[in-house]
Amino acid sequence: MGELLAEGVVEELGTAPSPGGKPPILVGVADNSRLILAVDVSNDEYRGALVNLRGKIAEEMVRPVGRLQGQEALEAAYTLAGELLAKSPVPLLGIGISTPGLVDPQEGVVYQAVNRGWVDVPLRALFAERYGLPVFVANDSHMMALAEASFGSGRGRRRLVAIKVGEGIGTGIVVDGQLYLGDGFGAGEIGHLVVVDEGLPCRCGNRGCLETVAGVRAIQQRTEEEARRFPESALAAALDRFPSSIEALGEAARQGDPTALALVHTIGRHLGIGVAALVSVLNIERIVIHGPVRHLGPPLLQAIGAEARRRALERLVRATRIEFSQLGEKAALLGASALLSSVLGLP
Ligand SMILES: [Zn+2]
């Protein structure tokens, strides 16, 4: 602690009441004395930020990268990190990278990230060599679970499940304050649980995976198809007014449009199959959902809950609170800051 005090990372906040003897000194983290560089390369938009140890974002950048693959996707991540690094007014403690795919956080290697075309990419070593800082890498859903446990609705809880519904669907599981990764780092990979027999082909090679019916791209496609099928519907009208089709779908459902409600119900039913599996195996009573499906609101949560109750022990599902995250699009960045604080042993 003395060393951190000397470096100005922590500051004395005064003295606490003491039953006798020398009063203990309260020590807090000096808000912006040290920053962490957090980068999230898991979506069509890369997002990066300088974050302090309390999870407050000092500087943020968003870069649309579309479906960049391979080395190009890596170069775009370097560029974003470099720009943020140049903006930091204080020395950085390290870099936290949130990435899609199967990731070994101990080695910092992305074994497979289909969307980026990465296979066995040693992200940690590459960034550490380039920037000379400690680097930590984790899967985006895992980062989101850490963010919920540190800054979100799971604060103070020992166990929680975070489900990320993006282009892919993944889960982060926190057990006893720690991420549970599984033997092959694939714990909670419900995106490739088959929920439709003989369904649409999935990028994993199988058919009918949860991602093919409830992932963001699948929802966008279905929304546009339904709007074309029913051009007079509130859904078709909403599509013209909203920038994203998921927002349009949510708005039309709020207006009670039957086409929109039926589609939201179907999406919820499929997600409910995944939730039933999670509840049955883990019996963790807090499930937080991340991603743009938050625009689908209460009708989605109701459909998920109803389907999960139909497929798992009703008592267990009823005891489980299923909700949308309040952390928004910065969740993975906040998770990266939580991860660095914990692995660097900072207060
Ligand atoms: Zn699949």
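Nothing here was measured: the structure is a model prediction, and the numbers come from that model. (Residues numbered from 1 in each chain as written. Predicted model: local features only at pLDDT ≥ 70, side-chain atom pairs only at ≥ 80, totals over all residues.)

Caption draft 1: Looking closely at the sheet that holds strand 7 (residues 102-104). Spatially, three strands are ordered 7-8-9 in an open sheet, and the strand pairing comes out antiparallel. Edge positions in the open sheet fall to strand 7 and strand 9 (118-121), since each of these has one partner strand only. The mean angle between the axes of side-by-side strands here comes to 15 degrees, regardless of whether they run parallel or antiparallel. (Pairing = 2+ DSSP bridges. Helix = DSSP H or I, 4+ residues; strand = E, 2+ residues; numbered from the N terminus. Axes fitted to C-alpha atoms, helices over the stretch in contact; angles between N-to-C directions.)

Caption draft 2: Geometry of the environment of alanine 332. Along the chain, alanine 332 turns up in helix 12 (residues 331-343). A sequence separation of 38 residues divides alanine 332 from arginine 294, and the C-alpha atoms of the two residues are 16 Å apart. Setting aside chain neighbours within four positions, we find alanine 332 in contact with Asp40, Ser42, Ser98, Asp140, Met143 and Met144. (Contact = placed C-beta atoms within 7 Å.)

Caption draft 3: Geometry of unusual backbone geometry. Its identity is not glycine, yet aspartate 176 carries a phi of approximately 50 degrees, on the positive side. Turning to its location among the elements, aspartate 176 is positioned in the loop between strand 12 (169-175) and strand 13 (178-180). Residue aspartate 176 is classed as exposed on the basis of its 7 C-beta neighbours within 10 Å. Within the chain, asparagine 283 stands out as a residue other than glycine whose phi angle is a positive 50 degrees. Here asparagine 283 shows up in the loop between helix 9 (258-282) and strand 14 (286-290). Using a count of 14 C-beta atoms within 10 Å as the deciding quantity, one classes asparagine 283 as partly exposed. (Buried ≥ 20, exposed ≤ 12 C-beta atoms within 10 Å, placed from the backbone.)

Caption draft 4: A look at the nonpolar core. Counting 103 residues, the largest nonpolar core has Leu235 and Leu249 as the members making the most contacts within it. Counting only domains with at least three residues in this core, you end up with domain 2 (35-147 + 331-343) and domain 3 (155-326). Among all residues touching leucine 249, those that are not within four sequence positions of it are Thr223, Leu235, Ala260, Leu263, Val264 and Leu296. (Core = buried A, V, L, I, M, F, W, Y, C linked by C-beta atoms within 7 Å. Domains from an automatic or database assignment.)

Caption draft 5: Structural context of helix 2 (residues 70-87). Look at helix 2: 27 Å from first C-alpha to last across 18 residues, which is about the 26 Å you get at 1.5 Å a residue. Every buried residue of helix 2 is listed here: Ala73, Ala77, Leu80, Ala81 and Leu84. Take helix 2 and look down its axis: the buried residues cluster within an arc of 95 degrees, on one side only. Relative to its buried face, helix 2 has exposed residues pointing more than 90 degrees away, namely Gln71, Glu72, Glu75 and Ala86. Of the surrounding secondary structure, the elements contacted by the buried residues of helix 2 are strand 3 (35-40), strand 4 (45-52), strand 5 (57-64), strand 6 (92-99) and helix 3 (123-131). (Expected span 1.5 Å × (residues − 1). Arc of directions from axis to C-beta.)

Caption draft 6: Summary view of the sheet that holds strand 4. Taken in spatial order, the five strands line up as 5-4-3-6-10 in an open sheet, and their pairing is mixed. Strands at the two margins of the open sheet, each flanked by one partner only, are strand 5 and strand 10 (135-139). Adjacent strand axes in the sheet meet at a mean angle of 15 degrees, parallel and antiparallel pairs treated alike. Bridging between strand 3 and strand 4 involves six bridges; their strand directions are antiparallel. Looking across to strand 4, one finds that valine 39 is bridged to glycine 48. Sitting on the sheet, helix 2 touches strand 3, strand 4, strand 5 and strand 6, and the angle it makes with strand 4 is about 30 degrees.

Caption draft 7: Representation of the confidence of the model for the protein in the model. With 90% of its residues at a pLDDT of 70 or more, the protein has an overall mean of 89. The low-confidence segment residues 1-29, where pLDDT is below 50, has 36 contacts with residues more than four positions distant or belonging to other chains. (pLDDT = per-residue confidence, 0-100.)

Caption draft 8: Here's a closer look at helix 7 (residues 234-241). Those residues of helix 7 lying buried are Ala234, Leu235, Ala236, Ala238 and Leu239. Those residues of helix 7 that are buried lie in contact with helix 6 (216-229), helix 8 (245-254) and helix 9.

Caption draft 9: View of the packing of helix 9 against helix 10 (residues 297-311). Where helix 9 contacts helix 10, the two axes come as close as 6 Å, and the packing angle between them is 45 degrees. Relative to helix 10, the element helix 9 lies oblique. Here helix 9 and helix 10 pass one another in a crossing that is right-handed. On the side of helix 9, the interface is formed by Leu261, Val264, His265, Ile267, Gly268, Arg269, Leu271, Gly272, Ile273, Val275, Ala276 and Val279, while helix 10 contributes Pro299, Leu300, Ala303, Ile304, Ala306, Glu307, Ala308 and Arg311. Its residues assigned to classes, the contact of helix 9 with helix 10 shows 14 nonpolar, three polar and three charged. (Parallel < 35°, antiparallel > 145°, perpendicular 65-115°, else oblique. Left-handed = near helix turned anticlockwise from the far one by under 90°. Nonpolar A, V, L, I, M, F, W, Y, C, P; charged D, E, K, R; others polar.)

Caption draft 10: Fine view of the packing of helix 6 against helix 9. Look at helix 6 against helix 9: their axes get within 11 Å of each other, and the N-to-C directions meet at 155 degrees. Classified by the interaxial angle, the pair formed by helix 6 and helix 9 is roughly antiparallel. Between helix 6 and helix 9 the crossing geometry is right-handed. Here helix 6 contributes Ile219, Arg222, Thr223 and Glu226 to the contact with helix 9, which in turn contributes Thr259, Leu263 and Ile267.

Caption draft 11: Looking closely at the pairing of strand 12. With six of its seven residues buried, strand 12 lies for the most part within the structure. The pairing of strand 11 (residues 160-165) with strand 12 spans six bridges and is classified as antiparallel. Along strand 12, the bridge assignment pairs valine 161 with isoleucine 173. Linkage of strand 11 to strand 12, two consecutive antiparallel strands, is achieved through a turn of three residues. Both strand 12 and strand 13 contribute to a ladder of three bridges, which runs antiparallel. The residue bridging valine 175 from the neighbouring strand is glutamine 178, located in strand 13. Between strand 12 and strand 13, which pair antiparallel and follow one another directly, the connecting turn spans two residues, one of which, aspartate 176, has a positive phi of 50 degrees.

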